[in-house]
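# A closer look at the structure
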Amino acid sequence: MQILDLDHTSLSGTLPSEYGSLSNLQILDLDYTSLSGTLPSEYGSLSNLQILDLNSTSLSGTLPSEYGSLSNLQYLYLTDTSLSGTLPSEYGDLSDMRYIELDNELKLGIKYHDDTTFARYSLEGNERIYGNVGNERIDGGAGDDTLYGLTGDDTLYGRDGDDILYGGPGDDLIDGTHVNGHERNMGLDKLYGNSGADTFVLRSGAGHVTISDFDPGTDLIKLRSMDFDELEITKMGNSTQIAIDTKHLRTEWQVDGAPDDLLAILPGIEPGELTAGDFFR
């Protein structure tokens, strides 16, 4: 057996430890069931397992350190459970890991080894998340998060909440206004590219961001759902503000019936330092 998919069923009770003997199992999908109890340590023997999905169950306790032996594991889903604690340090040996989804009762607590080339952590609480030296994708999820890309060409998504995003060395893409489906993040995020040629994303109707270290001529601003000629770039104290001309605002880009035209604040930048070459769609 390579796939055991029992999601969205009436399955209840505890997880059978006997599943740990399914040596060829690649996908174990048990989300949206009524399973309870703790995670069997025997599942650490599933050496071919690539996807473990336990979202939306009543599982409790802590994560077994034995799962650090799942050398082929790539996707781990653990939101909306009663699990708690910190990911064991052994999970740092999972060099094929691509995506971890946690909620606010579980803490990441580890960094992946230097040969991890892609990682995405999607969390629902107020988290501090560190990337590694590879080219990573870090997703803050809901909550007021602080994301650190560290070295490499990273992609950082703040999503909901008031987030702080640090790109670190490398050519990073930093998006504090990421849209999830039709829902727009209305948080007020602070973005730091640090060194490298970074790209900052601006999106109408999704709150505004502060780009604290924009370097005209090196960094770029990616415009979503609008063009450069729709912008108003003006001085605001010692900063420059970027807004969308109110005549271009759509009804859905209003907050409580008022125009949401402010897109970004760039401290220490004069309006004349910005040209059309600093923007693209």
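Residues numbered from 1 in each chain as written. Predicted model: local features only at pLDDT ≥ 70, side-chain atom pairs only at ≥ 80, totals over all residues. Heavy atoms only, no water.

Across its full length, the protein chain carries zero helices and 30 strands. A burial count over the protein chain gives 49% of its 281 residues as buried. Partitioning the intrachain contacts of the protein chain with sequence separation of at least 6 by distance along the chain shows that 38% fall at a separation of at least 24. (Helix = DSSP H or I, 4+ residues; strand = E, 2+ residues; numbered from the N terminus. Buried < 20%, exposed > 50% of the residue type's maximum accessible area, 1.4 Å probe, protein only. Contact = heavy atoms within 4.5 Å.)

Take Ser-56: it is sitting in the loop between strand 5 (51-53) and strand 6 (58-61). Given a relative accessible area of 12%, Ser-56 falls into the buried group.

Mapped onto the elements of the fold, Gly-141 is located in the loop between strand 14 (137-139) and strand 15 (146-148). Owing to a relative accessible area of 4%, Gly-141 belongs among the buried residues under this scheme. Placed 20 residues apart in sequence, Gly-141 and Gly-161 show a C-alpha to C-alpha distance of 8.5 Å.

The residue Pro-169 is located in the loop between strand 17 (164-166) and strand 18 (173-175) in this model. For Pro-169, a relative accessible area of 39% corresponds to the partly exposed category. C-alpha of Pro-169 to C-alpha of Thr-151: the two residues are 18 residues apart in sequence and 4.8 Å apart in space. Not counting chain neighbours up to four residues away, the residues in contact with Pro-169 comprise Leu-150, Thr-151, Gly-152 and Ser-195.

Next up on the list: the nonpolar core. Where a protein is soluble and globular, its nonpolar side chains tend to be buried together. If you look at the biggest cluster of nonpolar residues, it comprises 27 residues, and the most contacted ones within it are Leu-28, Leu-39, Leu-49, Leu-52 and Leu-73. Every element with two or more residues in this core is listed here: strand 7 (75-78) and strand 10 (99-102). In contact with Leu-28, not counting residues within four places along its chain, are Leu-4, Tyr-43, Leu-49, Ile-51, Leu-52 and Asp-53. Grouped together as the second largest cluster of nonpolar side chains are 24 residues, Leu-147, Ile-174, Ile-211 and Leu-231 included. (Core = buried A, V, L, I, M, F, W, Y, C linked by side-chain atoms within 4.5 Å.)

When strand 2 (residues 12-14) meets strand 4 (residues 34-37), the two strands line up parallel, connected through three bridges. Each residue of the ladder has a partner; that of Gly-13, found in strand 4, is Leu-35. (Pairing = 2+ DSSP bridges.)

With that settled, consider unusual backbone geometry. Backbone geometry places Asp-80, a non-glycine residue, at a positive phi of 55°. Structurally, the position occupied by Asp-80 is in the loop between strand 7 and strand 8 (82-83). Phi at Ser-225 takes a positive value of approximately 70°, unusual for a residue other than glycine. Note on placement: Ser-225 falls in the loop between strand 24 (220-224) and strand 25 (231-236).

Glancing now at the sheet that holds strand 2. With parallel pairing, four strands are arranged side by side in an open sheet as 2-4-6-8. Single-partner strands in this sheet number two, and they are strand 2 and strand 8.

Attention shifts here to empty space enclosed by the protein. Under the criterion given, the structure shown has one cavity of 30 Å³ or more. The volume enclosed by the largest cavity comes to roughly 50 Å³. If you go around the largest cavity, the residues you meet are Leu-39, Leu-52, Leu-54, Leu-63, Tyr-67, Leu-70, Leu-73, Leu-76, Leu-78 and Tyr-91. Among the residues making up the lining of the largest cavity, the classes are represented as ten nonpolar, no polar and no charged. (1 Å grid on protein atoms, 1.4 Å probe; cavity = no way out; pocket = protein on both sides within 12 Å on 5 of 7 lines; lining within 4 Å. Points joined across faces, edges and corners; volume = space filled by probe spheres on them. Nonpolar A, V, L, I, M, F, W, Y, C, P; charged D, E, K, R; others polar.)

Attention now moves to the confidence of the model for the protein chain. Summing up the model confidence of the protein chain, the mean pLDDT is 81 and the portion of residues at 70 or higher is 80%. Highest mean pLDDT in the protein chain belongs to strand 30 (residues 279-280) (96); lowest belongs to strand 28 (residues 258-259) (40). Segment residues 181-185: pLDDT under 50, and 14 contacts once partners within four positions in sequence are set aside and those in other chains are kept. (pLDDT = per-residue confidence, 0-100.)

Bringing the pattern of salt bridges into the picture now. A complete count under the given rule lists three salt bridges for this structure. Across the salt bridge formed by Asp-175 and Arg-203, the nearest N and O atoms sit 3.6 Å from each other. In this pair, Asp-175 sits in strand 18 while Arg-203 sits in strand 22 (residues 199-203), placing the two residues 28 residues apart along the sequence. There is no split in this pair, since Asp-175 and Arg-203 are both buried. Taking the shortest distance from any N to any O, the salt bridge between Glu-270 and Lys-235 comes out at 3.0 Å. Within this pair, whereas Glu-270 is found in the loop between strand 29 (262-267) and strand 30, its partner Lys-235 is found in strand 25, the two being separated by 35 residues in sequence. (Salt bridge = Lys/Arg side-chain N within 4 Å of Asp/Glu carboxyl O.)

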